[in-house]
Each structure stands twice: as C-alpha cells, then as structure tokens.
Amino acid sequence: MPGKGNNIEFSELLREDEVHRRVYTDEDLFRRELTHLFQKSWILLGHACQVKDSGDFILGRIGTRSVIIVRGKDRVIRVFENRCMHRGATVCSERKGNTSRFTCPYHNWTYGLDGELAGIPLADDYTDSFDRAAHGLAEVPHVDQYRGFIFASYAPPADLETFLGSARRSFDDLVERSPEQELEIIGTDLRYRVRANWKMVIENLNDALHPLYAHASAFAAIRHLKDREDINPVMRMAASLPPVEMLRKPHSIATQYGHSYVEGLLALGNIRAPRDEHFEILAARHSEEEAERILNGDIHVSLLYPSATINSRMQTIRLIRPLSVNETEVVAYAYRLVGAPDYVARIAAEYVWTSSSAASFVVVDDFEVYERCQETYERGGEDWISVHRSAANDRKGDDGNLHGSGTSEGYIRNQYRVWKEYLERESA
Amino acid sequence: MSTVRDRVEAFLYEEAQLLDDRRFRDWLALFLPDGYYWVPSSPEQQDREDGFSIINEDQAGMLIRIERLEHPAAYTEQPMRRTCRSVSNIVVLEETGSLVRVRSKLVLHDYRVCDFATDEARVFCGTQFHDLQKQDDSFAIASRRFDLISSEASLPVISTPF
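Conventions and cut-offs
Numbering of residues starts from 1 in every chain and runs along the sequence as written. Throughout, the order in which chains and ligands are written sets their labels, letters from A for the former and numbers from 1 for the latter. Where local features are concerned, this predicted model is filtered to residues with pLDDT of at least 70; where side-chain atom pairs are given and counted, the filter is 80 or more; whole-chain, interface and lining totals use all residues. Side-chain descriptors were evaluated using all non-hydrogen atoms of the structure, hydrogens and water having been removed beforehand. Secondary structure elements follow DSSP: runs of H or I of four or more residues count as helices, runs of E of two or more count as strands, with numbering from the N terminus. The globule rule used for comparison is 2.2 Å times the number of residues to the exponent 0.38, while the radius of gyration itself is calculated over C-alpha atoms. Here the term buried applies to any residue with accessible area under 20% of the maximum for its type, exposed to any over 50%, and partly exposed to those in between, with areas from a 1.4 Å probe on protein chains only. In what follows, a contact means two residues having at least one pair of non-hydrogen atoms within 4.5 Å. The protein chains shown are the only cover counted for residues, whose accessible areas, like all others here, come from Shrake-Rupley with a 1.4 Å probe. Only buried residues count toward a nonpolar core. Its members are Ala, Val, Leu, Ile, Met, Phe, Trp, Tyr and Cys residues joined through side-chain atoms within 4.5 Å. Pairing of aromatic side chains requires ring centres within 6.5 Å, counting the rings of Phe and Tyr and the six-membered ring of Trp. Pairs whose planes differ by under 30 degrees are stacked, by over 60 edge-to-face, and all others tilted. Over a ring means this: the NZ of a Lys or the CZ of an Arg is within 6 Å of the ring centre and within 35 degrees of the ring normal. When a carboxyl oxygen of Asp or Glu is within 4 Å of a side-chain nitrogen of Lys or Arg, the pair counts as a salt bridge. The rule for pairing is simple: two strands pair if DSSP sees at least two bridges between them. Between N-to-C directions, angles cover 0 to 180 degrees, with each direction set by a line fitted to C-alpha atoms, over the stretch in contact for helices. As used here, the arc is the angular range of directions from the helix axis to the C-beta atoms. Angle categories: roughly parallel below 35 degrees, roughly antiparallel above 145, roughly perpendicular from 65 to 115, and oblique for all the rest. Definitions for this section: a left-handed crossing has its near helix turned counterclockwise from the far helix by less than a right angle. A right-handed crossing has that turn clockwise. Any residue outside Ala, Val, Leu, Ile, Met, Phe, Trp, Tyr, Cys, Pro, Asp, Glu, Lys and Arg is labelled polar, Gly included; the first ten of those are nonpolar and the last four are charged.

Draft legend 1. Focus on the overall build of chain A. Helices and strands together make up the secondary structure of chain A, namely 13 helices and 23 strands. In terms of C-alpha radius of gyration, chain A reaches 23 Å, essentially the compact-globule figure of 22 Å for 428 residues. By principal-axis analysis of the C-alpha atoms, chain A measures approximately 75 × 60 × 40 Å. Here chain A holds 428 residues, and the buried ones make up 59% of them. In chain A, the proportion of contacts linking residues at least 24 apart, taken out of those at least 6 apart, comes to 64%. As presented, chain A carries roughly 17,800 Å² of accessible surface, and 46% of it is formed by carbon and sulfur atoms.

This is the structure we're talking about:
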C-alpha cells in the first residue's frame, strides 16, 4: 500500500488524467473504500413504495454490509445492520417481506421493528453489566428520502439534497412521469456479477463512446432486423446510432459529489415522445406543455456515485454492489408509474431484461471488456490507466458542476477527485 | 412403433445437440413462427407479461441474439465457449390433440479456454417446459420455458441460449 503507515500517498495512485491500476486491485484500498466511501456517502437502497406498510422490509447493501430497510409501527423507515447483536448471525434472510419482529435462528434473540431487543432467552443470566438498550440492532444513523427514494449513511458528507446536487433531476424526471407522482415496484429484480472492481462498472455507465465499438455486434444485429414488425420497441429505438463525431454533441455533467449524467442524447437521435395515451393522461393532469416537458426530458442514464445508476425514461434502477475488490454485482429493477397506462410498465420491464439481465446482449460485451481490463490490472505491467479523453475541453460551470462533451472522460476524472476526498478524510 | 415419449426424447436430444454444435439458426427453425423462448427471473412467474425475465424472446428476439453471435465483433465469442447439455427426467405431462406438454431437466456445463482468470467451467441447470406441436414424425416448439435453479441468484453473464 503506497504511503507511510495509515496515510495513503495519493500521488502514487492518481495523476491529473491517469489512475494507477492499483485502485482496482488493492485489498487495503478496497477496505478503506468500504469504510470511508460507502459508509460515508448516501447510498441508494430503494423507494418508500417498497416498504409501504408497517412491518414491510427489504434487504439492501451498504458496501458489503447487509442492511435491513424496514418500516416501523410508527411508520418511520429505519435501516439496520442485518446482524444479531449476540454472535453476529444474520437475522433476516428473505430479500423482502413483512414481519412483526426479526428473530435470530441461533439463540432466538428477537428484535422489534424499531430495532429494540425485545426478547432474549435466559434473560436472568444477563447481569447488570449487560446493557439491553445498547443491544438493539445496530442502526444506520442517517436515513433520508428524495422523492420517496431511500438513502442511508453512517456519516454523510452533506445533507441529501446538497449531496445529490443537479443529479436530483433524474429522480424528478422519473417520478413526474407518473400522473400521480407515485411508484410501485415491478416484481423481482435481475442480478448478475462480473469479475471486476466496482469502479470499472461505474466508470463505464456514462461512457457514450464505447457502445459503437464494444456493442458493435449487438447494434449490427438490431440494424439488420429493425424493419421487422415484431421487433421489440426498445430494440427499435437502439437501431440508429449516430456517427462517432456526433457523440461529442451531447453534454456531460459531473457534480460536486461525483454524480454524472448526459443531456442531449435524445436530441441527437431526433427522438421525441409520441402523443400517446401516457401523454394524454399527463396533459389532462397538468397541461400539454407540461406533458411535453415531462416526456421529453433529455437525460439518459444518470450515475449516482458510488452506488447506482438511474434511467428515468425507463424507470430503471441499477444498484452497483461491491462483493470484493475484484467482484461486483449489479441488481436491476424498474418501477411502475402509478396512473400511467400499462404499456409503460411493460416497456420498462422489456428495457430491463434487454439491457440489464445476465443474458442481455449489451451486458455481455460490457462485462467482457471489464474482465479483460481487470485481468491486466492484476497481472501487472503498465501501471497507469488513461482517463485523458477531452481533458482540454472540460470546464467548471457557474453551477459548480464539471461540463464536458458527450464523450468526455471528465466524469471519471471527477469521480477520482471525489474518491480522494472521501479517503483523505480518514487519513487526516 | 415409437411412443410419443420416445419421439419427444429424440427431439429434446436433437435440440440440445444443435445448441452444443452452435447451429443456432437450425435451432431457431425448430420453433413455430409465433413460438417463444422464456427464462423467467423466478420460478413463481406465471406469465411473460408479469415482471422481468432473464430471457424473453420471440422470433425477432432470438434472431437478434443469433445475429449478434455470428458477428465478427462479438468479443464474448472469441474464443468461444464449449458447451455440454444433458437433458434428462423427460416426462410427457399432457397430450391434447396435436399439442404435447413436456417437462425435463437440463444441465448445461460451459467452458471457455482463454488466457484470463475467468477461464473456468460454469454450470447452469433447471427444469424445462416445452409446449410442442406435432409435425409429421417430429415436433415444432410453441414455447420453451427454462427455470434456472439460480434464476434469482447473481448470475455470470451468458450470451447463447441455454
């Protein structure tokens, strides 16, 4: 580990537009990320609609820690570490459900929905030195919501809205597409894993250039078949890829806390939302102008550093979860827009399995390149990884965000600036 | 004189062999024009319209998958994986007129020889349900459902049909 004692020598890991391969392979750095980045950031865990009633719970992850997100009898949503305060066994093994208490399978310690240690066998054998009140489930102290999306943190760097910054737009865009501004979860999720560091996945997801090349086989197949009547509408949308130079035209924005998104991709493809039933319902609810604004929000995938991506147009979330320094899991799912026609949710579901299942013909090529990269990072050799693209054209805006072209790697450079800030805090 | 079960068994072996041989277009030709191939995300799913799927493909979808596999820039196929499919526990559940409903088990091993750390064998298995339409001495596939036992787990990626 570069550096003396506990301190990280960042100059050995980061340069202005290069990163050392060790950031993807070093176990010690990974451990520090878990404690000082994942725990001290706001991590997206789900939406309030997933824990609608008292006793409803879902499981989530903060870094590699399993956490329970549960709505208490008092209707408050709390987040607890999924471990018994006795010997540390997990107390909740179902991914979601409803319960009145959490019971450990080992010695039957029982916890209430507010985390309180409600039951303990042989209670008399626990003397005064045992503080029962201190042995409730370990609570993640900060829980907050934005538009119903639940975030948690052990020690956040700022309040949630400040943290999200202009990346709030993705959540606004998603929720406003519902005429009731309410969501429901669609069924289960799709999960898949890759033998690569979590940052590799995060760094790819606002990369507007790679699809032309990495996904060439997928696009060739769609283009060849796009005129078939029976083609899935999601595929048809992907059929027209602009020439590579045009990909610079969209506008990439990277925020203070590491998030990023690209504006203007739809304009590039001349894609406008049709005046269909969804439009009519929104127009009746608000106005035609407002319906136009909502349905044509030109924002593609938004990256929430370090935990998730949001595709608001498809109501799709992908949670990026580190499993180890060189293994990462993606959990993909989508929400139904309450009040919107059924076909909207079907399109969202189709988008999820087309673009985000283990058998997705786009995911396979992404994971192939991640694994090829991780492979060389681990085997040594050339140490520095280029993140130079469009460095000369990036500019800091008045809004405090970093602005660049659609193909800029500025959002990656920005992520490492933020990464350093999180890890520096612990070295200080 | 072969029974329906005998003919179904031969058919399922032929399907597995075509896939192991990577004769994907010949495999696709086994399907009816409105046939589909479905790998649900959970064994509880009753309906393709309900929730997500790992694979949910009709003719167009299967054809896109196959065209991609044949493309020179399909890097996941270089070097390609070798597969070995074993079909067993074949039971004819129902026979109504020209329709035959079959349940079987599929175990699929795959292996990719390359110089990566991900050079490893993988196993996928589960229960398949075929809805077959009798055609001459053989069948056409109206639908094939494959319930992976690991459908809800964190899966490694897969590019070919199971």
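Draft legend 2. How the structure looks around the nonpolar core. Ranked by size, the top nonpolar core spans 138 residues in total, and within it Phe-149, Phe-151 and Trp-419 of chain A together with Phe-162 of chain B carry the most contacts. Those residues in contact with Phe-162 of chain B that sit more than four places away from it in its chain are Leu-19, Tyr-37, Val-39, Ile-55, Arg-85, Leu-106, Leu-108, Phe-124, Arg-144, Phe-146 and Leu-148 of chain B. Ile-68, Cys-84, Cys-92 and Trp-109 of chain A belong to the second-largest nonpolar core, a separate cluster that totals 16 residues.

Draft legend 3. Summary view of the packing of aromatic side chains. Counted under the stated rule, the structure contains 22 aromatic pairs over all chains. Their ring planes at 70° and their centres at 4.8 Å tell us that Phe-38 of chain A and Trp-198 of chain A sit as a pair that is edge-to-face. Separated by 160 residues along the polypeptide, Phe-38 of chain A in helix 1 (residues 27-38) and Trp-198 of chain A in helix 4 (residues 198-204) bring together distant segments of the chain. The two residues Phe-38 of chain A and Trp-198 of chain A agree in class, both being buried. Chaining the aromatic ring pairs together yields one cluster made of Tyr-146, Phe-149, Phe-151, Phe-171, Tyr-333 and Tyr-335 of chain A. Taking the ring centre of Phe-10 of chain A as reference, the NZ or CZ of Lys-420 of chain A above it sits at 5.7 Å. One Lys or Arg, Arg-145 of chain B, reaches over the ring of Trp-38 of chain B and ends 4.6 Å from the middle of that ring.

Draft legend 4. Here's a closer look at the pattern of salt bridges. The final tally for this structure, using the stated rule, is 47 salt bridges over all chains. Where Arg-25 of chain B meets Glu-70 of chain B, a salt bridge forms, and the shortest distance between an N and an O atom there is 2.7 Å. Of the two residues, Arg-25 of chain B is situated in helix 2 (residues 24-28) and Glu-70 of chain B in helix 3 (residues 59-70); the sequence distance between them amounts to 45 residues. What makes Arg-25 of chain B partly exposed here is its relative accessible area of 38%. Among the residues examined, Glu-70 of chain B registers a relative accessible area of 44% and is labelled partly exposed. Salt bridges sharing common partners tie together Arg-147, Asp-172, Glu-176, Glu-290 and Arg-293 of chain A.

Draft legend 5. Just the sheet that holds strand 12 (residues 149-153) of chain A, in detail. Residue and element names in this part refer to chain A. Overall, antiparallel pairing links the 3 strands, which are arranged 3-12-11 in an open sheet. Each having just a single partner strand, strand 3 (43-47) and strand 11 (142-146) make up the two edges of the open sheet. The average undirected angle you get between the axes of adjacent strands in this sheet is 30°. Note: strand 11 against strand 12, 5 bridges, orientation antiparallel. Looking across to strand 12, one finds that Val-143 is bridged to Ala-152. On the sheet, helix 3 (residues 168-176) packs against strand 3, strand 11 and strand 12 and is oriented at approximately 150° with respect to strand 12.

Draft legend 6. Structural view of helix 10 (residues 288-295) of chain A. Residue and element names in this part refer to chain A. Restricting attention to buried positions, one finds in helix 10 the residues Ala-291, Ile-294 and Leu-295. Projected down its long axis, helix 10 shows its buried positions confined to an angular sector of 85°, all on one face. Turning to helix 10, the residues buried within the fold contact helix 3 and helix 9 (277-285).

Draft legend 7. A look at the pairing of strand 17 (residues 299-304) of chain A. Residue and element names in this part refer to chain A. The buried fraction of strand 17 amounts to 5 of the 6 residues, a majority that puts the element mostly inside the structure. By the bridge criterion, 3 bridges tie strand 16 (residues 260-263) to strand 17 in an arrangement that is antiparallel. When the sheet's bridge partners are listed, Tyr-261 is paired in strand 17 with Ser-302. Relative to strand 18 (residues 308-311), strand 17 is paired through 4 bridges, and the arrangement is antiparallel. Residue pairing across strands places Val-301 opposite Asn-311, the latter belonging to strand 18. Hairpin remark: strand 17 followed by strand 18, antiparallel, with 3 residues in the connecting loop.

Draft legend 8. Summary view of the pairing of strand 16 of chain A. All names here are of chain A. Note that strand 15 (residues 251-254) and strand 16 share 4 bridges and pair antiparallel. Following the sheet pairing, His-251 is matched in strand 16 by Glu-263. Hairpin connection of strand 15 to strand 16: 5 residues between the antiparallel strands, including Gly-258 at a positive phi of 100°.

Draft legend 9. Local environment of the packing of helix 6 (residues 216-225) of chain A against helix 3 of chain B. Where helix 6 of chain A contacts helix 3 of chain B, the two axes come as close as 8 Å, and the packing angle between them is 130°. Taken together, helix 6 of chain A and helix 3 of chain B sit at an angle that is classed as oblique. Crossing of helix 6 of chain A over helix 3 of chain B shows right-handed handedness. Counting all contacts with helix 6 of chain A, which are made through Ser-217, Ala-218, Ala-221, Ile-222, His-224 and Leu-225 of chain A, the residues of helix 3 of chain B involved are Leu-63, Ile-64, Glu-67 and Arg-68 of chain B. The residue inventory of the contact of helix 6 of chain A with helix 3 of chain B, partitioned by class, reads 6 nonpolar, 2 polar and 2 charged.

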